[in-house]
Amino acid sequence: EKIISFFNDLLGIDYFDQCDDTYIYKLLKDDNYELEDIIDSLNVDFGVDINVFETNFLSSEADMRIILEVYLKNIKVSYSNVSKLVLDLVNNSLDDLHKIKKIILKNIDNDNDLKNIIIAMYKNNLNVSQTANAVYMHRNTVINKLELIKKNSGLDIQKFYDAMAMYILIYIK
């Protein structure tokens, strides 16, 4: 209860669901806290084992439950997010990776503009200006598309690990 109160005070929470001993919350504030550092501190300070999976994109409760099931089955660390989950699944469970690929890329797979921007970002070392030139778009348009990719997938491909996870998801067969 103290931990739930802490998160409510810090980030504001909207209770979503409880599944066995797992609590699922939607954070109301989108502050730039380093949740991983907070979780590590809470585990030490309270002497408990809090495990958190952080994401900002799940569009449905069914998608959320599939991702949560895969996370609980495969990840044994106190903090994970979409990119860490993808990268861990490459070594642990390709079947589960394919399962979450469908969810993460659901709104991207059929959008050639977004896929072209993603591929161009790789080819241009995650450089937005070079990517904009490569796809013949204004830099601000590319930035807006990158935000759309982040919203739809939970992966910010301007960050190395997120870009690596997206690369794996796009190219894994």
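The structure this text deals with has already been given above.
Parameters at a glance
- Residues numbered from 1 in each chain as written.
- Predicted model: local features only at pLDDT ≥ 70, side-chain atom pairs only at ≥ 80, totals over all residues.
- Heavy atoms only, no water.
- Helix = DSSP H or I, 4+ residues; strand = E, 2+ residues; numbered from the N terminus.
- Buried < 20%, exposed > 50% of the residue type's maximum accessible area, 1.4 Å probe, protein only.
- Contact = heavy atoms within 4.5 Å.
- Areas by Shrake-Rupley, 256 points an atom, 1.4 Å probe, with all protein chains shown as cover.
- Arc of directions from axis to C-beta.
- Axes fitted to C-alpha atoms, helices over the stretch in contact; angles between N-to-C directions.
- Parallel < 35°, antiparallel > 145°, perpendicular 65-115°, else oblique.
- Left-handed = near helix turned anticlockwise from the far one by under 90°.
- Nonpolar A, V, L, I, M, F, W, Y, C, P; charged D, E, K, R; others polar.
- Phe/Tyr/Trp six-rings, centres within 6.5 Å; stacked < 30°, edge-to-face > 60°.

1. Here we look at the overall build of the protein
Along its length, the protein carries nine helices and four strands. Counting helices and strands in the order they occur from the N terminus, the protein gives α-β-β-α-β-α-β-α-α-α-α-α-α. Taken over 173 residues, the protein has a buried fraction of 42%. In the protein, the proportion of contacts linking residues at least 24 apart, taken out of those at least 6 apart, comes to 54%. Of the roughly 10,400 Å² of accessible surface on the protein, 47% is carried by carbon and sulfur atoms.

2. A closer look at helix α1 (residues 2-11)
Since there are 3.6 residues in each turn of an α-helix, residues three or four apart along the chain are aligned in direction. Of the positions making up α1, those classed as buried are I3, F7, L10 and L11. Relative to the axis of α1, the buried residues are bounded by an arc of 70° and lie together on one face. For α1, exposure combined with an orientation more than 90 degrees from the buried face picks out K2 and D9. Of the residues trailing α1, G12 is marked for its positive phi of about 75°.

3. A few points about unusual backbone geometry
Within the chain, N125 stands out as a residue other than glycine whose phi angle is a positive 55°. With respect to the element layout, N125 can be found in the loop between α6 (112-123) and α7 (128-135). The class for N125 is exposed, based on a relative accessible area of 69%. Residues other than glycine seldom take positive phi values, yet L126 does so here, at roughly 65°. What makes L126 partly exposed here is its relative accessible area of 22%.

4. Details of the packing of α6 against helix α9 (residues 160-171)
Between α6 and α9, whose axes approach to 11 Å, the crossing angle comes to 125°. Here α6 lies oblique to α9, going by the angle between them. Our pair here, α6 against α9, has a crossing hand that is left-handed. Residue-level contacts link I118, I119 and Y122 of α6 to A163, M166, Y167, I170 and Y171 of α9. Class assignment of the residues belonging to the contact of α6 with α9 gives a composition of eight nonpolar, no polar and no charged.

5. Observations regarding the packing of aromatic side chains
Taken as a whole and assessed by the stated rule, the structure comprises three aromatic pairs. Taking the centre distance of 5.0 Å and the plane angle of 80° together, the rings of Y122 and Y167 count as edge-to-face. Taken as a pair, Y122 in helix α6 and Y167 in helix α9 lie far apart in primary sequence, 45 residues in all. We classify Y122 as buried; its relative accessible area is 17%. Ring pairs connect the aromatic residues Y122, Y167 and Y171, which therefore count as one cluster.

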